[in-house]
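Residues per chain are reported as follows:
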Amino acid sequence: MNTTLLLEKEAVENLLPQKFPFVMVDKMYSFTENTLVSGLNITDDNIFFNQNTFLEAGLIEHMAQSVALHTGYDFFLKNQKAPTGYIGSIKEIQIKKLPKINDTIQSTVTIIQEFAGITLVEIVTTLNNEEIANGQMKTVLAK
């Protein structure tokens with residue numbers, strides 16, 4: 001588990017188009033041109049929290065917002081306003097385990113291919129260094 005924070009909750013929220021209560025990323029641990037590691041501490045006020053469990057939809061949204069954070073931070077570093085992005089497709093998402101209240105999950109986003117505003121990424125989500133979800137997403141930037 002990566003524990004060195006680059007950005008905390010307020011800074012992360014400023015880089016995402018989503019706003020409370022729909023924000024599913026509250027930490028950024030690392031960033032490179034082709035990777036990002038994000039995190040989320042799951043609290044009982046999360047809209048995807050039910051009966052002590054973080055739901056599948058929340059986990060997928062966390063993965064997607066991790067991709068959005070990579071885009072947002074990349075544009076921030078270039079002193080540009082980040083365009084809105086959309087999930088173009090989700091492929092082969094595998095959820096092995098659902099986190100519980102007060103768990104902190106981390107997602108590693110790896111860009112596989114990027115062309116003309118379309119980005120293909122692989123995402124691996126862990127809890128206490130155990131892989132709990134993985135998959136691929138294609139995102140599209142609005143023109």
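These remarks concern the structure in this document. Predicted, not measured: the structure shown is a model, and the values here were computed from it.

### Some points on the packing of aromatic side chains
- Following the criterion strictly, the structure yields three aromatic pairs and no others.
- Judged by centre distance (4.9 Å) and plane angle (75°), the rings of Phe31 and Tyr73 are edge-to-face. Within this pair, whereas Phe31 is found in strand β1 (residues 27-31), its partner Tyr73 is found in helix α2 (residues 56-77), the two being separated by 42 residues in sequence.
- Judged by relative accessible area, Tyr73 falls into the buried class, the value being 14%.
- Here Tyr73 and Phe76 contribute two aromatic rings whose centre-to-centre distance is 5.9 Å and whose plane-to-plane angle is 25°, an arrangement assigned as stacked. Taken together, the residues Tyr73 and Phe76, both in helix α2 and three residues apart, mark about one turn of the helix.
- Looking at Lys78, its charged tip hangs above the ring of Phe75, at a distance of 5.8 Å from the centre.

### Regarding the nonpolar core
- Counting residues in hydrophobic clusters, the biggest one holds 29 residues, and the most contacted among them are Val12, Met28, Phe54, Leu69, Ile105, Val121 and Ile123.
- The set of elements that each furnish at least two residues to this core consists of α1 (9-15), β1, β2 (35-41), α2, β6 (104-115), β7 (118-127) and β8 (130-141).
- Examining the composition of this core, we find that six residues originate from one element, α2, more than from any other.
- Setting aside residues up to four positions removed in sequence, Ile123 forms contacts with Met63, Val67, Ser107, Thr108, Val109, Ala133, Asn134, Gly135 and Met137.

### A look at the environment of Val23
- For Val23, the location among the structural elements is in the loop between α1 and β1.
- In this structure the C-alpha to C-alpha distance between Val23 and Ile47, which are 24 residues apart in sequence, comes to 9.4 Å.
- Setting aside residues up to four positions removed in sequence, Val23 forms contacts with Glu13, Leu16, Gln18 and Gln65.

### What to know about the environment of Glu56
- Tracing the sequence through the fold places Glu56 in helix α2.
- Separated by 48 residues in sequence, Glu56 and Glu8 have C-alpha atoms that sit 24 Å apart.
- What Glu56 contacts, discounting residues up to four positions off in sequence, is Ile95 and Leu98.

Rules of the game
Residues numbered from 1 in each chain as written. Predicted model: local features only at pLDDT ≥ 70, side-chain atom pairs only at ≥ 80, totals over all residues. Heavy atoms only, no water. Phe/Tyr/Trp six-rings, centres within 6.5 Å; stacked < 30°, edge-to-face > 60°. Helix = DSSP H or I, 4+ residues; strand = E, 2+ residues; numbered from the N terminus. Buried < 20%, exposed > 50% of the residue type's maximum accessible area, 1.4 Å probe, protein only. Lys NZ or Arg CZ within 6 Å of the ring centre and 35° of its normal. Core = buried A, V, L, I, M, F, W, Y, C linked by side-chain atoms within 4.5 Å. Contact = heavy atoms within 4.5 Å.

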